[in-house]
Amino acid sequence: MAEQITLPEGVGESADAPHGNAVGPGAQPAADGARPHGAEPTGAKPDAAVVRDALGVGIAVGLSGFAFGVTSAGSGLSLLQTCALSLAVFTGASQFALVGALAAGGNPYTAAAGAFFLGVRNSFYGLRLSQLLALPRALRPFAAQWVIDETTAVTLPQPTRRAARIGFAVTGLTLYVLWNLTTLLGALGAEALGDTDTWGLDAASPAVFLALLAPMLKSTTERVTAALAVLLALGLLPVVPAGVPVLLSALAAPAVLFLSGRMKATGGEAATKKKHTQTSTQTSTEEDR
């Protein structure tokens with residue numbers, strides 16, 4: 001969270017190929033002249049709308065860098081260490097997990113391990129985004145730095161590869177610049193800003209991510225999987241190191257898919273048995289006549 005992946009329109013096309021010559025799964029080549037050159041494919045989202053949505057996410061989440069800067073400074077990290085974390089790590093949940101553990105007096109190695117486990121999920125995001133974006137090899141190492149919750153949530157729902165690339169690039173750039181800027185300001189003004197809990201900035205990132213995720217849960221299976229994942233994460237939170245509950249909550253996907261498959265198989269067997277019984281009854285009735 002195996003799941004069937006439905007790729008947005010345009011995925012599977014060569015980056016230089018004209019629209020209508022898709023070679024991806026289920027692609028239907030369009031007849032010559034079916035779409036004027038340069039026209040947007042059916043269902044395409046205007047670039048301005050993609051940029052607007054991406055900027056909204058980048059700005060809303062980027063402001064929570066204030067909370068990280070203050071928290072990091074309060075945990076004993078220097079200004080240079082705080083800014084280096086945001087520049088190099090750039091994944092808010094892992095950064096908060098690290099400085100939170102240090103602030104609580106935890107072992108630095110244990111804190112780093114928890115942050116690492118929490119960041120592993122970005123690797124799975126990368127597997128999915130590599131198909132959707134199909135970036136040139138030279139750009140992939142740089143794009144990998146921006147593979148996080150927010151860029152993934154903005155990119156996946158886009159209907160075309162062009163929209164996906166724009167959403168990923170604008171969200172990543174906006175969030176990276178603003179996150180690092182507010183981290184610096186938060187670390188510099190830690191004493192003046194005070195307790196970030198009173199500002200609620202630390203809740204901005206998860207709140208925005210949930211708002212982006214909720215509309216994507218369209219089927220019953222997806223909603224059940226999400227609910228079970230939440231229950232697993234909350235239940236494991238007090239008993240395992242930071243970051244591990246998020247990884248273990250991914251077990252909700254295969255569990256739900258297994259149970260769904262069993263229910264369908266059982267339902268199919270029952271339907272077959274019922275049909276066989278009806279056929280036998282009808283045959284007996286005809287023989288009696």
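Residues numbered from 1 in each chain as written. Predicted model: local features only at pLDDT ≥ 70, side-chain atom pairs only at ≥ 80, totals over all residues. Heavy atoms only, no water.

Draft legend 1. Structural context of helix α4 (residues 92-103). Taking 1.5 Å per residue, twelve residues should reach 16 Å; α4 reaches 16 Å between its end C-alpha atoms and fits that length. If you check which residues of α4 are buried, you get Ser94, Gln95, Ala97, Leu98 and Val99. Residues of α4 that are buried sit in contact with α2 (65-74), α3 (79-88), α5 (108-119), α6 (121-133) and α9 (161-188). With its phi angle positive at about 90°, glycine 105 sits one or two positions after the end of α4. (Helix = DSSP H or I, 4+ residues; strand = E, 2+ residues; numbered from the N terminus. Expected span 1.5 Å × (residues − 1). Buried < 20%, exposed > 50% of the residue type's maximum accessible area, 1.4 Å probe, protein only. Contact = heavy atoms within 4.5 Å.)

Draft legend 2. Expanded view of the confidence of the model for the protein chain. Mean pLDDT over the protein chain: 77, with 69% of residues reaching 70 or higher. The least confident element of the protein chain is helix α11 (residues 204-213), whose mean pLDDT is 64; the most confident is α9, at 94. Counting contacts from residues 1-39, a segment whose pLDDT is below 50, to residues more than four positions away or on other chains yields 42 contacts. (pLDDT = per-residue confidence, 0-100.)

Draft legend 3. Main features of the pattern of salt bridges. What the rule picks out here adds up to four salt bridges. Note that lysine 45 is salt-bridged to aspartate 53, the shortest N-O span being 2.8 Å. The partly exposed category is assigned to lysine 45, whose relative accessible area is 26%. Two residues, arginine 52 and aspartate 53, come together in a salt bridge whose shortest N-O distance is 3.4 Å. Look at aspartate 53 and you get partly exposed, because its relative accessible area is 31%. Among the charged side chains, a salt-bridge network with shared partners connects Lys45, Arg52 and Asp53. (Salt bridge = Lys/Arg side-chain N within 4 Å of Asp/Glu carboxyl O.)

Draft legend 4. The arrangement of the environment of alanine 49 in detail. Following the sequence through the fold, alanine 49 ends up in helix α1 (residues 47-62). Its relative accessible area of 13% is what places alanine 49 among the buried residues.

Draft legend 5. Summary view of the packing of aromatic side chains. One pass over the structure, following the stated rule, counts five aromatic pairs. Arranged with centres 4.8 Å apart and planes meeting at 80°, the rings of phenylalanine 90 and tyrosine 176 form a pair that is edge-to-face. Here phenylalanine 90 is found in the loop between α3 and α4, whereas its partner tyrosine 176 is found in helix α9, with 86 residues between them in sequence. Its relative accessible area of 3% is what places phenylalanine 90 among the buried residues. Aromatic side chains phenylalanine 96 and tryptophan 179 sit 6.4 Å apart centroid to centroid with 80° between the ring planes, which places their arrangement in the edge-to-face category. With phenylalanine 96 in helix α4 and tryptophan 179 in helix α9, this pair connects stretches of sequence that are 83 residues apart. (Phe/Tyr/Trp six-rings, centres within 6.5 Å; stacked < 30°, edge-to-face > 60°.)

Draft legend 6. Molecular detail of α6. Its 13 residues give α6 an end-to-end C-alpha distance of 18 Å, which sits within 8% of 18 Å, the value for a rise of 1.5 Å per residue. Every buried residue of α6 is accounted for by Arg121, Asn122, Tyr125, Leu129, Leu132 and Leu133. Just downstream of α6 lies alanine 134, where phi reads positive at about 50°.

Draft legend 7. Layout of unusual backbone geometry. We note that phenylalanine 90 has phi near 50°; this positive angle belongs to a residue other than glycine. With a phi close to 50°, alanine 134 is a non-glycine residue in the positive phi region. Turning to its location among the elements, alanine 134 is positioned in the loop between α6 and α7 (140-144). Here alanine 134 falls in the partly exposed class, since its relative accessible area comes to 28%.

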